[in-house]
Amino acid sequence: MSEYKTTIIRHATHDNVPPLVDENCTVLILGSMLSPKSAQAAFYYAHPQNRFWRILFALFGEEYSTDKVARSQLALSHRIGLWDVINSCDIVGASDNTITNVMYNDIDGLLTAHPAVTRIFTTGGKAHELLMRYNRDINNPIISATMRLPSTSPQNCKVSLDKLIAAYSVIM
């Protein structure tokens, strides 16, 4: 008798997590899709091993916090907005390599509503790849100039925190 491993595919959706952005934001950082932990917390980069918030607090010389309000205030006070490229998709766990059936967020619409945003960064290869695919039909020059940053995911553990901080310093 052979054993079968069951692969759990979840339908991930962004419906309960709006973009973290205000009229002062000049930078937009885009991930691919909320991880299960982030979706559960209804907040960006909420997995305890994701290094995104450690990087941001270090960049701006502030004491690290796990509080959502403190994290939101940190990003917005430095004119940084957060969102994801994907509105909904099918995904196995949190593995970007398994993403299918992508429905995009209206990034072009967000840029129109927030004209102060002039620079976009993606957190990892999949977010960048999907954003460029999204932009093929829209051809927004701000999106075209997006810079890819390394992933802060625990799956990208081969890149040290110090190297991530150095790479993310371009957002300043």
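All values derive from a computational prediction rather than experimental measurement.

Section: the packing of helix α2 (residues 52-59) against helix α7 (residues 161-168)
So, step 1. Relative orientation of the contacting elements α2 and α7 amounts to 60°, with a least axis distance of 9 Å. With respect to the hand of their crossing, α2 and α7 are arranged in right-handed fashion. Facing α2, whose interface residues are F52, R54, I55, A58 and L59, α7 presents L161, L164, I165 and Y168.
So, step 2. In terms of residue class, the contact of α2 with α7 is made up of eight nonpolar, no polar and one charged.

So, unusual backbone geometry
So, step 1. With a phi close to 55°, A42 is a non-glycine residue in the positive phi region.
So, step 2. Following the sequence through the fold, A42 ends up in the loop between α1 (36-41) and α2.
So, step 3. Located in the positive-phi region is Y45, a residue other than glycine, with phi close to 55°.
So, step 4. Mapping Y45 onto the fold places it in the loop between α1 and α2.
So, step 5. Judged by its relative accessible area of 11%, Y45 is buried.

Conventions and cut-offs
Residues numbered from 1 in each chain as written. Predicted model: local features only at pLDDT ≥ 70, side-chain atom pairs only at ≥ 80, totals over all residues. Heavy atoms only, no water. Axes fitted to C-alpha atoms, helices over the stretch in contact; angles between N-to-C directions. Helix = DSSP H or I, 4+ residues; strand = E, 2+ residues; numbered from the N terminus. Left-handed = near helix turned anticlockwise from the far one by under 90°. Contact = heavy atoms within 4.5 Å. Nonpolar A, V, L, I, M, F, W, Y, C, P; charged D, E, K, R; others polar. Buried < 20%, exposed > 50% of the residue type's maximum accessible area, 1.4 Å probe, protein only.

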